[in-house]
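One-letter residues, chain by chain:
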Amino acid sequence: MKKRTWGALAISIAVLLCGAAAIVAIRSELPKQLSGKPLLANANGNAAAVKSLKDIIYETQKLVVMIETEDGKQGSGFLYNNQGDLITNGHVVAGASRVRIKTADAREFEGKVIGISTDIDVAVIRVAELAGTEPLPVRRDGKAEIGDDVIAVGSPLGFQNTVTTGIVSGLGRSFEIEPYTYKDLYQVSAPIARGNSGGPLVDKSTGEVIGINSAGIDEGSIGFSIPVVNVLDLAEAWSSEPMAKLPQLAFADNDGVVQKDATIGEYAEYLVTHFYDSLNNADYVYAYSLLGGNWKAGTRYESFREGYMATRNVVIDDMHVTEKNKDEATVTAVISVDERVDGQYKLSKYQVTYEVGYENDQLKLISGKGKAIQQGQAKAPEDRRK
């Protein structure tokens, strides 16, 4: 994993680029066809109608890709026009002219970088095989406001097509990390981890792309997104006339990259959090895919899904991670759950314990157990691993 160093900021927090060249706070890969009609449209051709959250997530995920470079960097991107062009962050593809693209329906293509900025963290990749595919609707005028509900889609830690939700919590944020200047950013509460870089920030009510997820705070669920209206002209110029020669970007402090590996504890905490996020989004298929083989062998999908149908709004109150070795960890958490009982919802609390480990190089929930606890008797773990 890689981490970009930050210059001095006016505030005493370490802001980290999230993506292939970044390390941020550790906090689906469903086979879907990458085709279809525009998500939303009105008489002017702009997305406007309100659709259900599930519909917006489904339509967005189809057009968000994972990007990988030969030197191991990873990020996200989204289809923004019908020429097969993807918008992403410049730091995701810096130093590369060709990249590997993985779509939501498990196809792989080669992408060509046709434009990258030397001062704004944005780039465009062309994938010839995606030409003619209807792109995501993009907000071309106006900006988000504080309190707007948003969705961030990307591939944090390699978990492709992960969805996190939040609100726009700040406007006009600015800072500088050589060679890029970040200004007029959206600050969002949607958790953003490395691998999210270049993915879309989407309006939760309309499905329009309003930003490009680009950075995050080292501790806490705060992210930063470049308003897409600020870079559309630049992206469209590259799409019309691709760069003949890509610029070489000079990052500060030995190319601005410092090697840092995440621990199994950080991965384990993220996986458990991601599991409950999937359940809260009613994405039972993806949540089930996070289980280990032996667990699946003893639990049919239908039974797994039925067990969570009466559950909504799972909140993790506390979490403690114990690292057994570099590949295995135990996660113990206290969760609050709204459960439907006799036609009405009531709040319940559980203590859950998961064994987390690798199967075929994929991190999985190997086993899990839980017990109900009475409110007031739950004791929070002393430590919380970030």
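Residues numbered from 1 in each chain as written. Predicted model: local features only at pLDDT ≥ 70, side-chain atom pairs only at ≥ 80, totals over all residues. Heavy atoms only, no water.

Engineer: Lay out the overall build of the chain in plain terms, naming residues and giving numbers.
Structural biologist: A tally of helices and strands in the chain yields eight helices and 19 strands. Classification of the 386 residues of the chain by burial places 51% in the buried group. As presented, the chain carries roughly 17,400 Å² of accessible surface, and 46% of it is formed by carbon and sulfur atoms. (Helix = DSSP H or I, 4+ residues; strand = E, 2+ residues; numbered from the N terminus. Buried < 20%, exposed > 50% of the residue type's maximum accessible area, 1.4 Å probe, protein only. Areas by Shrake-Rupley, 256 points an atom, 1.4 Å probe, with all protein chains shown as cover.)

Engineer: Can you break down the sheet that holds strand β7 (residues 108–116) residue by residue, with the values?
Structural biologist: Reading around the circumference, β3-β4-β5-β8-β7-β6 is the order of the six strands in this closed barrel, with antiparallel pairing throughout. Across the sheet, the axes of successive neighbouring strands diverge by a mean angle of 40°, strand direction being ignored. As paired strands, β7 and strand β8 (residues 123–126) are joined by four bridges and run antiparallel to one another. Its bridge partner lying in β8, Val 113 is registered against Ile 125. Taken strand by strand, helix α3 (residues 232–240) contacts β5 (85–88), β7 and β8, and its axis lies near 35° from that of β8. (Pairing = 2+ DSSP bridges. Axes fitted to C-alpha atoms, helices over the stretch in contact; angles between N-to-C directions. Contact = heavy atoms within 4.5 Å.)

Engineer: Got a sec to walk through the pattern of salt bridges? Specific residues and values, please.
Structural biologist: Per the counting criterion, the structure on display carries 15 salt bridges. Where Arg 98 meets Glu 110, a salt bridge forms, and the shortest distance between an N and an O atom there is 3.3 Å. Of this pair, Arg 98 sits in strand β6 (residues 98–102) while Glu 110 is found in strand β7, placing the two residues twelve residues apart along the sequence. Using a relative accessible area of 42% as the deciding quantity, one classes Arg 98 as partly exposed. Here Asp 317 and Lys 349 are joined by a salt bridge, their closest N and O atoms 2.6 Å apart. (Salt bridge = Lys/Arg side-chain N within 4 Å of Asp/Glu carboxyl O.)

Engineer: Before we move on, could you go through helix α5 (residues 264–280) and cite the residues and values that matter?
Structural biologist: Across its 17 residues, α5 extends 24 Å between first and last C-alpha, which sits within 8% of the 24 Å expected from 1.5 Å per residue. Within α5, 15 of the 17 residues are buried, which leaves the element mostly enclosed by the surrounding structure. (Expected span 1.5 Å × (residues − 1).)

Engineer: I'd like to hear about the nonpolar core, residue by residue, with values.
Structural biologist: One finds Val 93 and Ile 125 to be the most contacted residues of the largest nonpolar core, which totals 50 residues. When residues in this core are grouped by element, the largest group, four residues, is from β7. For Ile 125, the residues in contact, after removing those within four places along its chain, are Ile 67, Gly 84, Asp 85, Leu 86, Thr 88, Val 93, Val 99, Ile 101, Gly 111, Lys 112 and Val 113. Core analysis: the next-biggest nonpolar cluster, separate from the first, contains 31 residues, Phe 275, Ile 335, Val 356 and Leu 363 among them. (Core = buried A, V, L, I, M, F, W, Y, C linked by side-chain atoms within 4.5 Å.)

Engineer: Lay out the environment of Glu 241 with the relevant residues and their values.
Structural biologist: Tracing the chain through its elements places Glu 241 in the loop between α3 and α4 (252–255). By relative accessible area, which is 63% here, Glu 241 ends up exposed. For Glu 241 and Ile 114, which are 127 residues apart along the polypeptide, the C-alpha to C-alpha distance reads 8.4 Å.

Engineer: Describe the side chain of Lys 349, listing the residues and the values that go with them.
Structural biologist: One can find Lys 349 in strand β18 (residues 344–359). For Lys 349, a relative accessible area of 17% gives the class buried. Polar contacts involving the side chain of Lys 349 include one to the side chain of Asp 317, which spans 2.6 Å. (Polar contact = N/O pair within 3.5 Å; in protein donor to acceptor, adjacent residues only side chain to side chain.)

Engineer: Lay out the sheet that holds strand β19 (residues 362–373) with the relevant residues and their values.
Structural biologist: One key point about sheets: their strands pair by backbone hydrogen bonds, in either a parallel or an antiparallel sense. Spatially, the four strands line up as an open sheet ordered β16-β17-β18-β19, and their pairing is antiparallel. The sheet terminates laterally at β16 (311–325) and β19, the two strands that pair on one side only. Each neighbouring strand pair of the sheet contributes to a mean axis angle of 25°, computed without reference to strand direction. As defined by bridge partners, β16 adjoins strand β17 (residues 328–341) across eleven bridges and the pair is classed as antiparallel.

Engineer: Give me the environment of Val 285: which residues, what numbers.
Structural biologist: Residue placement: Val 285 occurs in helix α6 (residues 284–289). Put simply, Val 285 and Phe 304 are 19 residues apart on the chain and 9.4 Å apart in space, counted from C-alpha to C-alpha.

Engineer: Quick one: what's the story with the confidence of the model for the chain, residue by residue and with numbers?
Structural biologist: Per-chain confidence: the chain averages 79 in pLDDT, with 78% of residues scoring 70 or above. Contacts from residues 1–16, a stretch scored under 50 in pLDDT, to residues over four places away or in other chains number 65 contacts. Note on residues 377–386: pLDDT is under 50 here. Beyond four places in sequence and across chains, it has 21 contacts. (pLDDT = per-residue confidence, 0-100.)

Engineer: Now, about the packing of aromatic side chains: what can you tell me, with residues and values included?
Structural biologist: Inspection of the entire model under this criterion finds twelve aromatic pairs. Aromatic side chains Phe 275 and Tyr 308 sit 6.5 Å apart centroid to centroid with 80° between the ring planes, which places their arrangement in the edge-to-face category. Of the two residues, Phe 275 is situated in helix α5 and Tyr 308 in helix α8 (residues 301–308); the sequence distance between them amounts to 33 residues. In this structure an aromatic cluster arises from ring pairing among Phe 275, Tyr 276, Tyr 288, Trp 295, Tyr 301, Phe 304, Tyr 308 and Tyr 354. (Phe/Tyr/Trp six-rings, centres within 6.5 Å; stacked < 30°, edge-to-face > 60°.)

Engineer: Summarise the environment of Ser 76; cite the residues concerned and give the values.
Structural biologist: With respect to the helices, strands and loops of the structure, Ser 76 is situated in strand β4 (residues 74–79). Take Ser 76: its relative accessible area is 0%, and that puts it in the buried class. In the structure, Ser 76 is positioned 121 residues away from Ser 197 in sequence and 5.7 Å away in space, judged by C-alpha atoms. The contacts of Ser 76, once residues within four sequence positions are left out, are Val 65, Ile 67, Thr 88, Gly 154, Ser 155, Gly 195, Asn 196, Ser 197, Gly 198 and Gly 199.

Engineer: Before we move on, can you summarise the pairing of β17 with the specific residues and values?
Structural biologist: With ten of 14 residues buried, β17 is to be regarded as a mostly interior element. The hairpin turn running from β16 into β17, its antiparallel successor, is two residues long. Strand direction decides the pairing type here: β17 and β18, joined by 13 bridges, are antiparallel. Bridge assignment links Val 334 to a residue of β18, and that residue is Gln 351. Where β17 folds back on β18, the antiparallel hairpin that results is connected by two residues, among which Asp 342 adopts a positive phi of roughly 55°.

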